[in-house]
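Residues per chain, in single letters:
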Amino acid sequence: METERHAEYRRFATSVIAPRAATFDQNQCVPREVIHEMADGGLLCSMLPRPYGSGESSVGYGLLHEEIGACCSSLRSMLTVHDMVAASIWRWGADWQQQRYLPALRSASVIGAFALTEPEAGSDSSSISCTAIERNGGFELSGRKMWITSAQIAGLFLVFAKVNGQHAAFLVDRESDGLEIAPVSGLLGLRASMVGELRFRQCYVPATNVLGSTGSAFTHVAQNALDLGRYAVACGCVGLARACAEAASDYASQRIQFGATIDRHQLIRRMITNMLVNVEAARLLCREAGLLRDQGDAVSIYKTAMAKYFSSRVASEAASDAVQIHGGNGCAAGHPVGRFFRDAKVMEIIEGTNEIHQINIATAAAALLHSAERR
Amino acid sequence: MTTNTYIGDEEISDQVRRFILTFARRRDLTDETDIFETGLITSMFAMQLLMFIEKTFGITIDNEDLTINNFNTVKHITDLLKRKVSS
């Protein structure tokens, strides 16, 4: 069953997304109809149970992100944040919130975006300064959110702000009074992911649009969503690294220098071998994290962090070597490795920087080693 | 253990304490130690704790349960679990 789905994910990615990925990057835009094509293929909110999703397993969800990540990291990133919003509503939302928003997210009649990061609160995301003041049966949001994927086209934002110093989560419609959205362009990587800045000027949100309970929004609503995001990015990096290996291997098998294809040269072979081995290792880490997620095992959270940390490094190294193997061609348009290189660097920063993961994973050393002993 | 059949208070406390100690690694952890204020755990721990509780004791943590005071000490967690398991 999983193999059939994997084949469908690959088919969709290679036939629908791959031929257009370079154009998305060049234009810094993913057309809305592509999101709808994904929705028509049942690829949005797939991890939610029916009827809101496909009931996809975590392992299967990871394979989806690997396949899309191999073609277009920008689109995969947009899928990630969309699903983070859907997963949050599923886990913490009232029945009426689920009924109102989940079918719309599933069908892409509404595109979701996750708004936690601020100009002065990146890695230190608990120190957000966006405020929500109770007023007139709701809340007035004030502050800014930065680097918000899909902000340019999202219809629903999951926004985190503080109510009397306590974290709260709000479902904010795009058309809300007091919400301004400014596009951010010229990014190094994920250029087509429709990133924007949100500016809240006493933006009114009804009390019924609070998600979950005040006080637990950061520890539970945000962390649960970020955990899903980390897993998706980790699996996407496996795809990206695989794409680098494929591109490098193909190029090296055709490029002739010194009377032979360059894949005959040992130093090229070393780089390709490292890519292949690291892709396999990263995939196994992701798979283990996926299996543990499906079992509801608490250690899965750190396994996911490990997968993200390792896979993003693998993708970055693979992309760098892929450009190196392509030589001058790797630095010019017409070969995808330049885009892979730029996208891979961003992967080491989003969903927790490498440095943050290095700090956090070590705190769970005893638990992770104990987990290893049990297997 | 993934059942919500009756288990004693002491067993609940022991399981919770063992889980926290795996991450906090603090030998002087008492049932009243505030695990969040002491900074011994990361921001990811709250979700880990929730997953552990739901899987181990076979219960679902609802939104109304999600107050920091329900999860910040071994005693408070145990009290929450006693209420959820008995209901």
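Below you will find a few notes about this structure. (Residues numbered from 1 in each chain as written. Chains lettered and ligands numbered in written order. Predicted model: local features only at pLDDT ≥ 70, side-chain atom pairs only at ≥ 80, totals over all residues. Heavy atoms only, no water.)

### Details of the overall build of chain A
Point 1. Summing up its helical and strand segments, chain A has 11 helices and 10 strands in all.
Point 2. Computed over its C-alpha atoms, the radius of gyration of chain A comes to 21 Å, within 12% of the 21 Å expected for a compact globule of 375 residues.
Point 3. Projecting the C-alpha coordinates of chain A onto the three principal axes gives extents of approximately 80 × 50 × 40 Å.
Point 4. Relative to its full complement of 375 residues, chain A shows a buried share of 58%.
Point 5. Once local pairs closer than 6 in sequence are excluded, the contacts in chain A between residues at least 24 apart make up 75%.
Point 6. Accessible surface, chain A as shown: approximately 15,000 Å² in total, 52% of it carbon and sulfur.
Point 7. Side chains of chain A give 35 positive and 37 negative charges; the mean places of these two sets differ by 3 Å. (Helix = DSSP H or I, 4+ residues; strand = E, 2+ residues; numbered from the N terminus. Rg over C-alpha atoms; globule rule 2.2 N^0.38 Å. Buried < 20%, exposed > 50% of the residue type's maximum accessible area, 1.4 Å probe, protein only. Contact = heavy atoms within 4.5 Å. Areas by Shrake-Rupley, 256 points an atom, 1.4 Å probe, with all protein chains shown as cover. Lys, Arg positive; Asp, Glu negative; His and termini not counted. Charge placed at Lys NZ, Arg CZ, Asp CG, Glu CD.)

### Things to note about the interface of chain B and chain A
Point 1. Across the contact, 18 residues belong to chain B and 25 residues belong to chain A.
Point 2. Summed over both partners, the interface of chain B with chain A buries about 2,100 Å², with 63% contributed by carbon and sulfur atoms.
Point 3. Where chain B packs against chain A, one counts 1 salt bridge.
Point 4. Between arginine 91 of chain A and glutamate 54 of chain B there is a salt bridge, with the nearest N and O atoms lying 2.8 Å from each other.
Point 5. At the boundary of chain B with chain A, the tally comes to 6 residue pairs in polar contact (both at pLDDT 80 or more).
Point 6. Elements that contribute at least two residues to the side of chain B that touches chain A include exactly helix H1 (9–24) and helix H2 (45–57) of chain B.
Point 7. When residues of the side of chain B that touches chain A are assigned to their parent elements, the largest contribution, 8 residues, is made by H2 of chain B. (Buried area = accessible area lost by both parts, 1.4 Å probe. Salt bridge = Lys/Arg side-chain N within 4 Å of Asp/Glu carboxyl O. Polar contact = N/O pair within 3.5 Å; in protein donor to acceptor, adjacent residues only side chain to side chain.)

### Quick notes on the side chain of glutamate 348 of chain A
Residue and element names in this part refer to chain A.
Point 1. Mapping glutamate 348 onto the fold places it in the loop between helix H9 (337–347) and helix H10 (354–363).
Point 2. On the basis of relative accessibility, which here comes to 12%, the residue glutamate 348 falls in the buried class.
Point 3. A polar contact is formed between the side chain of glutamate 348 and the side chain of serine 316, at a distance of 2.7 Å.
Point 4. For glutamate 348, the contacting residues outside a window of four places in its chain are Lys308, Ser312, Arg313, Ser316, Thr353 and Asn354.

### Structural notes on the packing of helix H3 (residues 58–71) of chain A against helix H6 (residues 217–252) of chain A
Residue and element names in this part refer to chain A.
Point 1. Closest axis-to-axis distance for the H3/H6 pair is 7 Å, and the angle between their directions is 45°. By the angle between their directions, the pair H3 and H6 is classed as oblique. The element H3 and its partner H6 pack so that their crossing is right-handed. Across the interface between the two elements, Ser58, Val59, Tyr61, Gly62, His65, Glu66, Glu67, Gly69 and Ala70 of H3 pack against Leu228, Tyr231, Ala232, Cys235, Gly236, Val238, Gly239, Leu240, Arg242 and Ala243 of H6.
Point 2. Each residue belonging to the contact of H3 with H6 can be placed in one class, and the counts come to 10 nonpolar, 6 polar and 3 charged. (Axes fitted to C-alpha atoms, helices over the stretch in contact; angles between N-to-C directions. Parallel < 35°, antiparallel > 145°, perpendicular 65-115°, else oblique. Left-handed = near helix turned anticlockwise from the far one by under 90°. Nonpolar A, V, L, I, M, F, W, Y, C, P; charged D, E, K, R; others polar.)

### A short note on the pattern of salt bridges
Residues and elements named next belong to chain A.
Point 1. Counting across every chain of the model gives 26 salt bridges over all chains.
Point 2. A salt bridge links aspartate 25 to arginine 342; the nearest nitrogen and oxygen atoms lie 2.6 Å apart. Remark: arginine 342 occurs in helix H9 and aspartate 25 occurs in helix H1 (residues 2–27); sequence separation between them is 317 residues.
Point 3. Since its relative accessible area comes to 8%, aspartate 25 is described here as buried.
Point 4. Connected through shared salt-bridge partners, Arg10, Glu66, Glu67, Arg242, Glu246, Glu280 and Arg283 make up one network.

### Re the environment of isoleucine 41 of chain B
Point 1. Along the polypeptide, isoleucine 41 of chain B turns up in the loop between H1 and H2.
Point 2. Looking at isoleucine 41 of chain B, the relative accessible area reads 14%, which means it is buried.

### Structural notes on the packing of helix H8 (residues 300–326) of chain A against H10 of chain A
Residues and elements named next belong to chain A.
Point 1. At a closest axis distance of 10 Å, the pairing of H8 and H10 adopts a crossing angle of 145°. In this structure, the crossing between H8 and H10 has a hand that is left-handed. Residues Tyr302, Ala305, Met306, Lys308, Tyr309, Ser312 and Arg313 of H8 touch H10, and the partners they reach there are Asn354, His357, Gln358, Asn360, Ile361 and Thr363.
Point 2. Among the residues forming the contact of H8 with H10, the class breakdown is 5 nonpolar, 6 polar and 2 charged.

### A short note on the packing of aromatic side chains
Point 1. Under the criterion given, the structure shown has 6 aromatic pairs over all chains.
Point 2. Chaining the aromatic ring pairs together yields one cluster made of Phe19, Phe45, Phe52 and Phe57 of chain B.
Point 3. When the ring centre of tryptophan 92 of chain A is taken as reference, the NZ or CZ atom of arginine 91 of chain A above it lies at 4.5 Å. (Phe/Tyr/Trp six-rings, centres within 6.5 Å; stacked < 30°, edge-to-face > 60°. Lys NZ or Arg CZ within 6 Å of the ring centre and 35° of its normal.)

### Notes on the environment of glutamate 37 of chain B
Point 1. Mapped onto the elements of the fold, glutamate 37 of chain B is located in the loop between H1 and H2.
Point 2. Put simply, glutamate 37 of chain B and asparagine 72 of chain B are 35 residues apart on the chain and 8.2 Å apart in space, counted from C-alpha to C-alpha.

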